[in-house]
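# Secondary and tertiary structure notes
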Amino acid sequence: MPSPFPGMDPFLENQEWEDFHSRFNTATSDILSSAIRPDYFVRVERRIYLEHVGPDPHTFRRSDVAIVARDAGLATGLRQAVSEIAAPTVCTLPMPEERQETFLVIRQRKDMQVVTVIELLSPANKRSGGDGRIVYLKKRDEVLSSPSHLVEIDLLRGGERLPVIESLPDHDYCCIVSRWYQRPQASLYAWSVQQTLPTIAIPLKRGDDDASLPLQTVLDTVYDRAGYDLSVDYGAELKPTASAETTAWIQKRVRDAAS
């Protein structure tokens, strides 16, 4: 059963993102592979880091319980009576959590040079002040300082947008394509939740034709193969929230699909 939305399904962001992120990158790799061979190939790679969670309930994960006891004083060499041991209290420590994020790399076959890096942003990449954003922006700067193209796909309505110099038009989702030889200028695709996803250009070596990546085809493939219609709760509260107009449109799409 297809998604009730013409483009990005806004309920995936809060309910199925981890699974969707992995499947989307795999499906993108499959589609691009047939378009860029035999001179290029694409691989799924992983970035691993520790994220220090904070009080925000969306970033906090309950960890092992720690016991904190008050210092009972200098040791005397003798076992103290049980009645003299301070009563402990229980607290929960904000433990760092290991994060694994996948991204795509296109390499030129003849010399294994990295030609293009494709990133599908995760919620951690857009969390203001978080470790995931710090790690990602450092990686972004490294790619922007290299002779490799960078493609950033943002299918998340929530969080802080990636930094650009200009004020961006109002949008729900976007994609930035940065060709190394045109920097600091880049191409921006932006669209709303009511629109289908665009087909974007994936740059290769200078002088070679771009590859085409139909984002809507990737989304439809992932949604169908994963069976998200069986797991997504379309009656749940939409997170992050949307404007009254957009919320009404979303609710109507859900009702129409169920009727």
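Structure first, text after, so check above.
Residues numbered from 1 in each chain as written. Predicted model: local features only at pLDDT ≥ 70, side-chain atom pairs only at ≥ 80, totals over all residues. Heavy atoms only, no water.

## Topic: helix H3 (residues 131-144)
Compared with the 20 Å implied by 1.5 Å per residue over 14 residues, the 20 Å span of H3 between its first and last C-alpha is a close match. Within H3, burial applies to Gly132, Arg133, Tyr136, Lys139, Arg140 and Val143. Seen along its axis, H3 keeps its buried residues to an arc of 130°; they face one direction. Turned more than 90 degrees off the buried face of H3, the exposed positions are Ile134 and Lys138. In the core, the buried residues of H3 are packed alongside strand S1 (40-52), strand S4 (96-108), strand S5 (114-120), strand S6 (149-154) and strand S7 (173-178). (Helix = DSSP H or I, 4+ residues; strand = E, 2+ residues; numbered from the N terminus. Expected span 1.5 Å × (residues − 1). Buried < 20%, exposed > 50% of the residue type's maximum accessible area, 1.4 Å probe, protein only. Arc of directions from axis to C-beta. Contact = heavy atoms within 4.5 Å.)

## Digging into the sheet that holds S6
The sheet built from six strands is open, its strands ordered S1-S4-S5-S6-S7-S8 with mixed pairing. Looking at the sheet topology across the chains shown, the edges are occupied by S1 and strand S8 (187-191). With strand direction ignored, the average angle separating the axes of adjacent strands in the sheet is 15°. In this structure, S6 lies alongside S7, joined through five bridges in antiparallel fashion. Bridge assignment links Asp154 to a residue of S7, and that residue is Cys174. (Pairing = 2+ DSSP bridges. Axes fitted to C-alpha atoms, helices over the stretch in contact; angles between N-to-C directions.)

## Points about the nonpolar core
Core analysis: the largest hydrophobic core is formed by 44 residues, its most contacted members being Met8, Phe20, Ile106, Ile153, Leu155 and Ile202. The element that contributes the greatest number of residues to this core is helix H2 (residues 17-36), accounting for six residues. Phe103, Val105, Val117 and Leu150 belong to the second-largest nonpolar core, a separate cluster that totals five residues. (Core = buried A, V, L, I, M, F, W, Y, C linked by side-chain atoms within 4.5 Å.)

## Concerning the packing of H2 against helix H4 (residues 215-226)
Following both chains from N to C, one finds H2 and H4 inclined at 125°, their axes separated by 9 Å at the closest point. Taken as axis vectors, H2 and H4 run oblique relative to one another. Here H2 and H4 pass one another in a crossing that is right-handed. Two secondary-structure elements touch here, H2 through Asp19, Phe20, Arg23, Phe24, Ala27, Thr28, Asp30 and Ile31 and H4 through Leu215, Thr217, Val218, Leu219, Val222, Arg225 and Ala226. Across the contact of H2 with H4, the residue classes break down as nine nonpolar, two polar and four charged. (Parallel < 35°, antiparallel > 145°, perpendicular 65-115°, else oblique. Left-handed = near helix turned anticlockwise from the far one by under 90°. Nonpolar A, V, L, I, M, F, W, Y, C, P; charged D, E, K, R; others polar.)

## Details of the packing of aromatic side chains
The final tally for this structure, using the stated rule, is nine aromatic pairs. With a centroid separation of 5.1 Å and 75° between ring planes, the pair formed by Phe11 and Tyr234 is classed as edge-to-face. In this pair, Phe11 sits in the segment before helix H1 (12-15) while Tyr234 sits in the loop between helix H5 (228-231) and helix H6 (244-258), placing the two residues 223 residues apart along the sequence. The side chain of Lys139 reaches across the aromatic face of Phe103, ending 3.7 Å from its centre. The ring of Tyr181 is capped by Arg206, whose NZ or CZ atom sits 4.3 Å from the centre of that ring. (Phe/Tyr/Trp six-rings, centres within 6.5 Å; stacked < 30°, edge-to-face > 60°. Lys NZ or Arg CZ within 6 Å of the ring centre and 35° of its normal.)

Interpretation in functional terms is not warranted from these geometric data alone.
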